[in-house]
Amino acid sequence: MSLMADPPGADRLSARLRRDTRAARDAARTSAFLDALADGRLSWVAYADLAAQHWFLYEALELAGHTMADDPVARAFVFPELIRLPSIEADLRFLHGPRWQQRIAALPATTTYCTRLRYAANSHPVGFIAHHYARYLGDLSGGQYLGQAISRVYGLNGEGNRFFAFPGIDIEAFKSYYRRLLDALPWTAEEQGEFVAEVVEAYRLNIAVLDELSRRWI
Ligand code: HEM
């Protein structure tokens, strides 16, 4: 056996995905806006703005989930326990008041993200699963650290930070199950390549939103 042999399972889609998106994932993780937010350097209005951007993104993503609920491949990824929109709306009511709908606005980068998401995720399972993975697996990974930091910094205790809580989910077990679902997808090498490319695009779109939030609030 060559010393350069890949580890077992290295050819699985979940492993390829993690490998080929590492740079994009590291760039997302080092966002100046999230860093400042988690460090308590920003006013809660900046956090309320992030929550507002989430509303637009998850509305687009979860509507695509409805469209994909009957798709033979994508439907395996439609999990009711992941749905974020009702939690985001409860957070927005707490953060912006009962007239939150009139008070929130999408940043230009959020509109660009939503446009791409609607185009990619409503037309083909490849695009839907790419955007689904980028958001929900992120929420179940770094999002959990961020959620804890935000509760601490803003003294939130259940209200205003529901977005980060997934009460119906055992996170580690869910992430392993999700990776097995990815590995079982009946995709050609070309479709797998398109999927990884769309995940990289999703990271880029997330970073662009965070960069706009940085310019506004830091
Ligand atoms: C506060 C900022 C963030 C921190 C501290 C953070 C941290 C982490 C950590 C520790 C992991 C698990 C280990 C790993 O996969 O390398 C992870 C995974 C992940 N992160 Fe982040 N992250 C942050 C922001 C983001 C953002 C903005 C996105 C945008 C979409 C994102 C998307 C993901 C995804 C999709 C995964 C899952 C990778 C996989 O297991 O397949 N993260 N993050």
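Residue indices follow the written sequence of each chain, beginning from 1 at its first position. At least 70 in pLDDT is required for a residue's local features to be given in this predicted model, at least 80 for side-chain atom pairs to be given and counted, and no such filter applies to totals for whole chains, interfaces and linings, which use all residues. Calculation of side-chain values draws on the structure's entire complement of heavy atoms; hydrogens and water are dropped beforehand.

A look at the environment of Asn161
Reasoning step 1: Secondary structure elements follow DSSP: runs of H or I of four or more residues count as helices, runs of E of two or more count as strands, with numbering from the N terminus. With respect to the helices, strands and loops of the structure, Asn161 is situated in the loop between helix H9 (142–154) and helix H10 (171–183).
Reasoning step 2: For every residue, the accessible area (1.4 Å probe, protein chains only) is compared with the maximum for its type, and the residue is labelled buried under 20%, exposed over 50%, or partly exposed between those bounds. On the accessibility criterion, Asn161 (9% relative accessible area) is buried.
Reasoning step 3: Linking Asn161 and Leu92, residues 69 residues apart in sequence, is a C-alpha distance of 9.4 Å.
Reasoning step 4: Residue contacts follow a heavy-atom distance rule, with two residues in contact if any of their heavy atoms lie within 4.5 Å. With residues near it in sequence (within four places) discarded, Asn161 still touches Tyr47, Asp91, Ser151 and Leu156.

Observations concerning the side chain of Ser87
Reasoning step 1: Position of Ser87 among the secondary structure elements: in helix H5 (residues 85–96).
Reasoning step 2: Ignoring sequence-local partners within four residues, the contact set of Ser87 consists of Arg162 and Phe163.

Quick word on the packing of aromatic side chains
Reasoning step 1: When the centres of two rings from Phe, Tyr and Trp lie within 6.5 Å, Trp using its six-membered ring, the rings pair. Their planes under 30 degrees apart give stacked, over 60 give edge-to-face, and anything left gives tilted. This model, assessed by the stated rule, comprises 12 aromatic pairs.
Reasoning step 2: Judged by centre distance (5.1 Å) and plane angle (90°), the rings of Trp55 and Phe56 are edge-to-face. For the pair formed by Trp55 and Phe56, the shared burial category is buried.
Reasoning step 3: Arranged with centres 5.4 Å apart and planes meeting at 75°, the rings of Tyr58 and Phe163 form a pair that is edge-to-face. Pair noted here: Tyr58 is in helix H4 (residues 44–68) and Phe163 is in the loop between H9 and H10, with a separation of 105 residues, a long-range link.
Reasoning step 4: Chaining the aromatic ring pairs together yields one cluster made of Phe77, Phe79, Tyr133, Phe174, Tyr177 and Tyr178.
Reasoning step 5: The ring of Phe166 has Arg84 sitting right over it, with the charged end atom 3.7 Å from the ring centre. In this scheme, Lys NZ or Arg CZ marks a charge over a ring once it lies within 6 Å of the ring centre and within 35 degrees of the ring normal.

Purely spatial values, then, with no claim about function.
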